[in-house]
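Read off the chains here:
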Amino acid sequence: MTSQKHLFDLEPDVHYLNCAYMSPICKATAAAGVAGVNQKMRPYSVTPDDFFTDVDHLKTLFARLVNAEHRDRIALILSVFLPMFLMIVPILRL
């Protein structure tokens, strides 16, 4: 793999290796964060489609990464608690 330093906002003389503590985020991630904050500044401009457009794109990219047949086979969840709870409830009822 070639150097990916250009993707990050690191000073030319900095070589950051301590990612166990805190890793730097890449420029694209920072831009997405700023876009998200800017969108929340005007919540009245958010449409129902805005809740799904980015998710559909992410599911498409992830499906391609893991060679899934279709993005509809990919589920995004906000927390691991609910799926784990739903999985364990039938076991606890035995």
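What comes next is a walk through the structure. (Residues numbered from 1 in each chain as written. Predicted model: local features only at pLDDT ≥ 70, side-chain atom pairs only at ≥ 80, totals over all residues. Heavy atoms only, no water.)

1. Topic: the overall build of the protein chain
- The number of helices and strands found in the protein chain is three helices and zero strands.
- In the protein chain, the succession of α and β elements from N to C terminus is α-α-α.
- In terms of C-alpha radius of gyration, the protein chain reaches 19 Å, well past the compact-globule figure of 12 Å for 94 residues.
- Taken over 94 residues, the protein chain has a buried fraction of 4%.
- The long-range fraction of contacts in the protein chain, counting pairs at least 24 apart against all pairs at least 6 apart in sequence, stands at 0%.
- Summed over all atoms, the accessible surface of the protein chain reaches about 8800 Å², with 65% contributed by carbon and sulfur. (Helix = DSSP H or I, 4+ residues; strand = E, 2+ residues; numbered from the N terminus. Rg over C-alpha atoms; globule rule 2.2 N^0.38 Å. Buried < 20%, exposed > 50% of the residue type's maximum accessible area, 1.4 Å probe, protein only. Contact = heavy atoms within 4.5 Å. Areas by Shrake-Rupley, 256 points an atom, 1.4 Å probe, with all protein chains shown as cover.)

2. A few points about a nonpolar patch on the surface
- Together, Phe81, Leu82, Phe85, Leu86, Ile88, Ile91 and Leu92 give the surface a local cluster of nonpolar side chains, amounting to about 730 Å² of exposed area.
- Mapping Leu82 onto the fold places it in helix H3 (residues 81-92).
- Accessibility expressed as a relative area gives 48% for Leu82, which makes it partly exposed. (Patch = residues over 30% accessible without salt bridge, like charges linked within 9 Å, V, L, I, M, F, W, Y side chains within 5 Å. Salt bridge = Lys/Arg side-chain N within 4 Å of Asp/Glu carboxyl O.)

3. Thoughts on the environment of Pro83
- Its location among the elements puts Pro83 in helix H3.
- The spatial distance from the C-alpha of Pro83 to the C-alpha of Phe51 is 21 Å, given a sequence separation of 32 residues.

4. Thoughts on helix H2 (residues 50-65)
- Spanning 16 residues, H2 covers 23 Å between terminal C-alpha atoms, matching the ideal 22 Å at 1.5 Å per step.
- At the C-terminal side of H2, Asn67 shows a positive phi close to 60°. (Expected span 1.5 Å × (residues − 1).)

5. Let's talk about the side chain of Lys59
- Along the chain, Lys59 turns up in helix H2.
- The charged side chain of Lys59 is buried without a salt bridge, its nearest counter-charge being Asp72 at 4.5 Å. (Lys, Arg positive; Asp, Glu negative; His and termini not counted.)

6. Description of unusual backbone geometry
- With phi around 60°, Asn67 is a residue other than glycine that occupies positive phi space.
- Structurally, Asn67 is set in the loop between H2 and H3.
- You can call Asn67 exposed: its relative accessible area is 69%.

7. Considerations on the packing of aromatic side chains
- Per the stated rule, a full pass over the model turns up one aromatic pair.
- On the numbers, 5.9 Å between centres and 20° between planes, the contact of Phe81 with Phe85 is stacked. Residue Phe81 and its partner Phe85 are both found in helix H3; the two are separated by four residues, about one turn of the helix.
- Of the residues examined, Phe85 reaches a relative accessible area of 40% and is grouped as partly exposed. (Phe/Tyr/Trp six-rings, centres within 6.5 Å; stacked < 30°, edge-to-face > 60°.)

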